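Commentary on secondary and tertiary structure
So you can see what is in the structure, the chains are spelled out below.
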Amino acid sequence: MLHLFDTASGQVTPIELRRPGHLSMYVCGPTVSGEPHLGHGRFTLTWDVLRRYLTWSGVEVRFVSNITDIEDKIIARAAAEGTTTELVASKYEKVWWDSMDRLGVWSPTEGPHATAYVPQMVELIAGLVDGGHAYVGGDGVYFASESVPDYGLLARQPLSSLRAGARIEATEESGKRSPIDFVLWKLAKPGEPSWPSPWGAGRPGWHTECVVMSLDLLGDGFDLHGGGNDLAFPHHENERAQAEAIGRPFARHWVHSGMVEAEGGGKMSKSLGNVMSLPELLDANDPRVMRLQVLQSHYRSPMTISPSTLAAATNTLRGLDTFASDFAAARSAEPDAALLGRLRERMDDDLDTPAAVRLLFEARDRARTASLPGGCGDADRWAATVFEMADVFGLPLGRDDEAVPADIQAIADERSVARAARDWARSDALRDRLAADGWIVEDGPSGTTLHR
RNA sequence: GGCGGCGUGGCCGAGUGGUUUAGGCAAGGGACUGCAAAUCCCUGUACAGCGGUUCGAUUCCGCUCGCCGCCUCCA
């Protein structure tokens, strides 16, 4: 049975499903105001691996992840570029899905848009106002955080401590009653996109959309709510508080993934010049490199992405691809049940993917050893286990082994002739020429092979 | 300042109160090869610092230092 660290309880908890065999999960998606960065890649890959693992285990997963397509930054960008929020949002949503596609992240079962849920949000807010959990402030409608008894659960801080840490000045300008109150509805300034509401034209605050969309699509008491750990507070706290306030059972479990750091432990930040956008990384690297790195670190720990870690993962992948080519015939063989059982143990234990990946290497070693002269001959079983595990991880192995172009093959044939004549100088010169075109030459017992 | 988390060998990154101390990458040596490549074999004794608990701590406790996240939009 799957166990995950639940932020609400602060410990690794068995994930009891609302409905056995079916898991419902909501993950907060991006605000499409710009290109996604490496952090987006990390959390989407993390939950993609969980989803793939559960699906492989026979659990039917309903995975909802939203697109926030109306928000201050989108408005600001549209203004700066002299265009509309719709165009900004659709442009960057396209970049988002393209990046997800390249990463091999499965599309969500449903990917709702905030702008499609505004009437429902207005309805929710109205209910909160009626119930005394929200009030009209100077520039919008605010949620009365202190009206929810256990507010601070996900922040893991008592209300008094949160209140002490919050910024006071925010209270002055907005008419907030408490510094920890947050905006539910922002009244529109001239020129801003807006929707009608009982309190005046405006737009929803960020924290309401996820409540409405998750409950609408997954229903009360859905199984998992996930996101990056920087969302635990205030975003998830505020979602929870709203659901609590209207008496709707919300997520049964809260899961959060760690941040991406640059080399040397520093946070990625534009001022340090060490940020990399996701499309940029995907342009410069095999997309599987990022997935492998994510798998090789625990999802809750901070992870480092730097040129050297990318290079290491690239080399690892090259070795695995070679393995896949060498054992391509074993793809349809039966994998080893015992080793797959150990994989389940590791994955069920708070998604211990680093240990799970180690098992893949173990299977690889066994396959290699078994195929050695005098080996026990069950190489196919182990190789099939490697392929099976790679499949669970969403990490397709194998080179394209594209057809060798005729002109390249001609050079290789010429080289073979030279080798047969023991003309090593010519042979090596031809090999250099092939290498210059990106072709790696391997002379094996059964002849010469070429690959990229 | 408050809360949470982390600090492991050249790099990344698991794990454990003691005995046979993951894995990946890189590195060195060897086999194979005309030379390479790929592959195989061998090699690395690390757990921030200082105290404490213990027969024994990298693993438990305390403190110090460093780093990260949240407390404000943020994956």
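Residues numbered from 1 in each chain as written. Chains lettered and ligands numbered in written order. Predicted model: local features only at pLDDT ≥ 70, side-chain atom pairs only at ≥ 80, totals over all residues.

**Observations regarding helix α2 (residues 72-81)**
Because the α-helix completes a turn every 3.6 residues, residues three or four places apart line up on one side. Listed in full, the buried residues belonging to α2 are Ile74, Ile75 and Arg77. Summarising the axial view, the buried residues of α2 lie within an arc of 165 degrees, below the 170-degree limit, and thus occupy one face. (Buried ≥ 20, exposed ≤ 12 C-beta atoms within 10 Å, placed from the backbone. Helix = DSSP H or I, 4+ residues; strand = E, 2+ residues; numbered from the N terminus. Arc of directions from axis to C-beta.)

**Section: the nonpolar core**
Within the largest apolar cluster, 105 residues are counted, with the highest numbers of intra-cluster contacts made by Ile125, Ala134, Leu184, Ala383 and Val386. With 10 residues, the top contributor of residues to this core is helix α14 (residues 379-393). The two domains that each donate at least three residues to this core are domain 1 (3-257) and domain 2 (274-393). If sequence neighbours within four positions are ignored, Leu184 has contacts with Ile125, Leu128, Ala134, Val141, Tyr142, Phe143, Gly205 and Thr208. (Core = buried A, V, L, I, M, F, W, Y, C linked by C-beta atoms within 7 Å. Domains from an automatic or database assignment. Contact = placed C-beta atoms within 7 Å.)

**Examining the sheet that holds strand β8 (residues 202-204)**
Pairing between sheet strands relies on hydrogen bonds along the backbone, with the strands arranged either parallel or antiparallel. Strands sit in the order β5-β6-β7-β8 across an open sheet of four strands; the sheet is antiparallel. Two strands close off the open sheet at either side, each with one partner strand: β5 (134-136) and β8. Adjacent strand axes in the sheet meet at a mean angle of 20 degrees when their direction is disregarded. Pairing analysis gives three bridges linking strand β7 (residues 182-187) to β8, with the strands arranged antiparallel. Paired with Lys186 across the two strands is Arg203, which belongs to β8. (Pairing = 2+ DSSP bridges. Axes fitted to C-alpha atoms, helices over the stretch in contact; angles between N-to-C directions.)

**Some words on the pairing of strand β4 (residues 60-65)**
Two elements, strand β3 (residues 22-27) and β4, share six bridges in a ladder whose sense is parallel. Following the sheet pairing, Leu23 is matched in β4 by Val61. Read from β3 through helix α1 (residues 38-56) to β4, the crossover connection turns out right-handed. (Right-handed = clockwise from strand over helix to strand, strands pointing away.)

**Notes on the sheet that holds β3**
Pairing within the open sheet is parallel, and its four strands lie in the order β4-β3-β9-β10. Looking at strand neighbours, the two that pair on one side only are β4 and β10 (253-257), the edges of this open sheet. Averaged over neighbouring strand pairs, the angle between their axes works out to 25 degrees when direction is ignored.

**Quick word on α1**
End to end, α1 covers 27 Å across 19 residues, agreeing with the expected 27 Å (1.5 Å per residue, within 8%). With 16 of 19 residues buried, α1 is to be regarded as a mostly interior element. In the stretch just after α1, Gly58 is the one whose phi turns positive, near 95 degrees. (Expected span 1.5 Å × (residues − 1).)

**Thoughts on the domain arrangement of chain A**
Split into domains, chain A comes out as domain 1 (3-257), domain 2 (274-393) and domain 3 (406-451). Between the C-alpha centres of domain 1 and domain 3 there is a distance of 58 Å.

**As for the environment of Val404**
By secondary structure assignment, the location of Val404 is in the loop between α14 and α15 (406-420). On the basis of neighbour count, Val404 is assigned to the partly exposed category, with 17 C-beta atoms found within 10 Å. With 48 residues separating them in the primary sequence, Val404 and Arg452 have C-alpha atoms 9.4 Å apart. The residues contacting Val404, other than those within four sequence positions of it, are Gln409 and Leu450.

**Regarding the packing of α1 against helix α10 (residues 287-295)**
Put simply, α1 and α10 touch, their axes get as near as 10 Å, and they point 70 degrees apart. Relative to α10, the element α1 is oriented roughly perpendicular. Of the residues in α10, those touching α1 at Gly41, Arg42, Leu45, Thr46 and Val49 are Met290, Arg291, Val294 and Leu295. Residue composition of the contact of α1 with α10, grouped by class: five nonpolar, two polar and two charged. (Parallel < 35°, antiparallel > 145°, perpendicular 65-115°, else oblique. Nonpolar A, V, L, I, M, F, W, Y, C, P; charged D, E, K, R; others polar.)

**Notes on unusual backbone geometry**
Put simply, Phe233 and Pro234 share a cis peptide bond, and its omega is 0 degrees. Within the fold, Pro234 resides in helix α8 (residues 232-245). Even without being a glycine, Arg156 presents a positive backbone phi close to 60 degrees. Its place among the elements puts Arg156 in the loop between β6 (140-143) and α5 (159-165). For Arg156, a count of 13 C-beta atoms within 10 Å translates into the label partly exposed. One non-glycine residue with positive phi stands out, namely Arg422, at about 60 degrees.

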